[in-house]
Amino acid sequence: MKGNYAFCPKSGAPLSEELHYDDEGRSRRCVESDEYSAVRSPDGELTNGSLRSSKVAVFNHFRRCHQRHHGTDSRLYSKATLALRRLKRTANGREAWDMYVWYALAERLDRLGFDVRWMSVHVEPRCPRCAGSLKYERTAADELVARCGTDCTDDRSDRLAEIRETVVGLYGRAFDVDASERPSVDDLEYL
């Protein structure tokens, strides 16, 4: 992931708050090893996260975030690992971005009976076209819409609708559920 929820895309280790700058003035954060990072990143590696992280990295981030809210739950971790394997194997192109995988994982675990409301505070929707930040506003009909902060496509379209459609498509293909079990865009609990 990128932004406020960035983590090491290889190991899932957290990143330092302190920024380090290269010769061209670009900022990066240092990977900080933790007890959940099965694959250790080299000391001093700098990153700002990634749009696509390894399955191990997403799982380690998931487990660390879960334990901020709840105690260890090996049954949940087992189901999350299986779901992540299917999601990462199925996802291609932009739908392999961490945010899509995270939202689809939340939906899957919710439908399996787990409390995953906490997951929504550990992800930030990004523009599906340029991965930039979104700007939120309410329409006259009191609907929440999110538009690309840079208006990268020059059309001011609602990016949340596009994100929801991608999550539903990924979920349906990854879990091969029949139409009655497949969430619709309006059914999504966590987006």
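This text gives an overview of the structure that appears in the document. (Residues numbered from 1 in each chain as written. Predicted model: local features only at pLDDT ≥ 70, side-chain atom pairs only at ≥ 80, totals over all residues. Heavy atoms only, no water.)

**What about helix α4 (residues 159-175)?**
Look at α4: 24 Å from first C-alpha to last across 17 residues, which is about the 24 Å you get at 1.5 Å a residue. Residues Arg159, Leu160, Ile163, Arg164, Val167, Val168, Leu170, Tyr171, Gly172, Ala174 and Phe175 constitute the buried set of α4. Buried residues along α4 sit in contact with α2 (74-90), α3 (98-111), β4 (134-138) and β5 (144-148). Regarding α4, its N-cap is aspartate 158, as a side-chain oxygen of that residue lies 3.1 Å from the backbone nitrogen of leucine 160 further along. Directly beyond the C-terminal end of α4, a positive phi value near 45° is found at aspartate 176. (Helix = DSSP H or I, 4+ residues; strand = E, 2+ residues; numbered from the N terminus. Expected span 1.5 Å × (residues − 1). Buried < 20%, exposed > 50% of the residue type's maximum accessible area, 1.4 Å probe, protein only. Contact = heavy atoms within 4.5 Å. Polar contact = N/O pair within 3.5 Å; in protein donor to acceptor, adjacent residues only side chain to side chain.)

**Side note on the pattern of salt bridges**
Tallied over the entire structure, the rule returns 13 salt bridges. With a shortest N-O distance of 3.9 Å, arginine 111 and glutamate 107 are connected by a salt bridge. With arginine 111 and glutamate 107 both in helix α3 and four residues apart, this pair spans about one turn of that helix. Relative accessible area serves as the criterion here: at 37%, arginine 111 is assigned to the partly exposed category. A network of salt bridges, in which partner residues are shared, links Arg129, Asp155, Arg159 and Glu162. (Salt bridge = Lys/Arg side-chain N within 4 Å of Asp/Glu carboxyl O.)

**A few points about the packing of aromatic side chains**
Evaluated as defined, the whole model comprises eight aromatic pairs. Ring geometry for tryptophan 97 and tyrosine 100: centres 6.1 Å apart, planes at 25°, overall stacked. Judged by relative accessible area, tyrosine 100 falls into the buried class, the value being 1%. A cation over a ring is seen here: arginine 108 above phenylalanine 175, with NZ or CZ 4.3 Å from the ring centre. Positioned above the aromatic ring of tyrosine 171 is the side chain of arginine 111, whose terminal nitrogen or guanidinium carbon lies 5.9 Å from the ring centre. (Phe/Tyr/Trp six-rings, centres within 6.5 Å; stacked < 30°, edge-to-face > 60°. Lys NZ or Arg CZ within 6 Å of the ring centre and 35° of its normal.)

**Here's the deal with the packing of α2 against α3**
The N-to-C vectors of α2 and α3 enclose an angle of 130°; their axes lie 10 Å apart at closest approach. When the axes of α2 and α3 are compared, the pair comes out oblique. Crossing handedness for the pair α2 and α3: right-handed. Every residue of α3 that contacts α2 at Leu76, Lys79, Ala80, Ala83, Leu84, Leu87 and Lys88 is listed here: Asp98, Val101, Ala104, Leu105, Arg108 and Leu109. Residues belonging to the contact of α2 with α3 are distributed by class as follows: nine nonpolar, no polar and four charged. (Axes fitted to C-alpha atoms, helices over the stretch in contact; angles between N-to-C directions. Parallel < 35°, antiparallel > 145°, perpendicular 65-115°, else oblique. Left-handed = near helix turned anticlockwise from the far one by under 90°. Nonpolar A, V, L, I, M, F, W, Y, C, P; charged D, E, K, R; others polar.)

**Examining α2**
The terminal C-alpha atoms of α2, which comprises 17 residues, lie 24 Å apart, in line with the 24 Å expected from a rise of 1.5 Å per residue. Close packing links the buried residues of α2 with α1 (55-69), α3 and α4. Taking the backbone nitrogen of arginine 75 as reference, a side-chain oxygen 3.2 Å away marks aspartate 73 as the first, capping residue of α2.

**Remarks on the sheet that holds strand β1 (residues 15-21)**
Here three strands make up an open sheet; going across it, the order is β1-β2-β3 and the pairing antiparallel. Looking along the sheet, the strands with just one partner apiece sit at the ends: β1 and β3 (46-47). Taken together, the two bridges between strand β2 (residues 27-31) and β3 define a ladder with antiparallel strand orientation. Each residue of the ladder has a partner; that of cysteine 30, found in β3, is leucine 46. (Pairing = 2+ DSSP bridges.)

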